[in-house]
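Summary of structural features
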Amino acid sequence: MAEISERITSLQKNIERICVSSNRNPADITIIGVTKTKSVEKIQEAYNLGLRDLGENRVQELIQKYPELPKNIRWHFIGHLQKNKVKLVAPFVYLIHSIDSMELLEKINEEAKRNSRIINCLLEIKIAKEETKYGISPNNLEKILSESKNFPNITIQGLMGMATFTDDKKQIKEEFFLLGELFQQYKAAFGFTILSMGMSSDYEIAIACGTTHIRIGTLIFGER
Ligand SMILES: *Cc1c(COP(=O)(O)O)cnc(C)c1O
């Protein structure tokens, strides 16, 4: 019990410290607790400690946990989303971070309409050098943003990205810096409010590069 509490406190302290050195306001950083593979009991524990933004990367796992937990949790979908599974999360999802195609956006718009909702989305930008990472190329960003105006049941709130899985801090910084620049570039014209970048291993760099939402699993819930 005390474990999660101590981890959250220490994370918050660290965020405050980094904010001082990077001239950011801690109030502008939202922690999303990433609960994948963790039990409903553990998640409830984090909820009781005040965590309201939670993230899952698999549809099946999310829809199993959703009914068991308090309804005022803001569920973030952070993993790759298949079009045929959109209908399963559309009734309740708070923010989908991982939009990587026009077709997916179209499908979410359709399911949002069916549920009489407007679903908030982020465009996932491919910033990592790895071949395997999903995401939209920065070159296609503007086109997708303009076309997304044809979808009345979705709102693009901003951008999401994942850095290359590496120990090379300089490379991570370059990738997050690029995403931070893109966010700033389109922020005013498209009304962006959310930049989702940074996980347990690289959130400090992400804060320095302007992130607003960090997705933290291991540092809160322990190793998976
Ligand atoms: C698992 C996951 C995280 C959290 O990873 P940790 O290293 O455990 O903090 C963040 N973002 C995405 C997309 C994930 O799948």
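Structure: above.
Please read all numbers here as calculations on a predicted model, not as lab measurements.

1. So, the pattern of salt bridges
With the rule as written, the count across this model stands at eleven salt bridges. The residue Arg 7 makes a salt bridge to Glu 3 at a minimum N-O spacing of 2.9 Å. Of the two residues, Arg 7 and Glu 3 are both situated in helix α1 (residues 2–21); the distance of four residues between them amounts to about one turn of the helix. For Glu 174, the salt bridge goes to Lys 170, with nearest N and O atoms at 3.4 Å. With Glu 174 and Lys 170 both in helix α7 (residues 169–190), this residue pair falls four residues apart, about one helical turn. Classification of Glu 174 as partly exposed rests on a relative accessible area of 44%. When salt bridges that share partners are traced, they join Lys 107, Glu 110, Glu 111 and Arg 114 into one network.

2. Description of the packing of aromatic side chains
As enumerated under the stated definition, the model contains four aromatic pairs in all. Measuring from ring centre to ring centre gives 3.7 Å for Tyr 66 and Phe 92, while their planes differ by 15°; the resulting arrangement is stacked. Of the two residues, Tyr 66 sits in the loop between α3 (59–65) and β3 (74–77) while Phe 92 sits in the loop between α4 (86–89) and β4 (95–99), which places them 26 residues apart along the sequence. Seen from their ring centres, Phe 183 and Phe 192 are 6.0 Å apart, and the 20° between their planes marks the pair as stacked. Accessibility assignment for this pair places Phe 183 and Phe 192 in one class, buried. Put simply, the rings of Phe 183, Tyr 186, Phe 190 and Phe 192 pair up and form one aromatic cluster. In this structure, Arg 52 packs its charged tip against the face of Tyr 47, placed 3.6 Å from the ring centre.

Thresholds, definitions, all that
- Residues numbered from 1 in each chain as written.
- Predicted model: local features only at pLDDT ≥ 70, side-chain atom pairs only at ≥ 80, totals over all residues.
- Heavy atoms only, no water.
- Salt bridge = Lys/Arg side-chain N within 4 Å of Asp/Glu carboxyl O.
- Helix = DSSP H or I, 4+ residues; strand = E, 2+ residues; numbered from the N terminus.
- Buried < 20%, exposed > 50% of the residue type's maximum accessible area, 1.4 Å probe, protein only.
- Phe/Tyr/Trp six-rings, centres within 6.5 Å; stacked < 30°, edge-to-face > 60°.
- Lys NZ or Arg CZ within 6 Å of the ring centre and 35° of its normal.

Keep in mind these values describe shape, not function.
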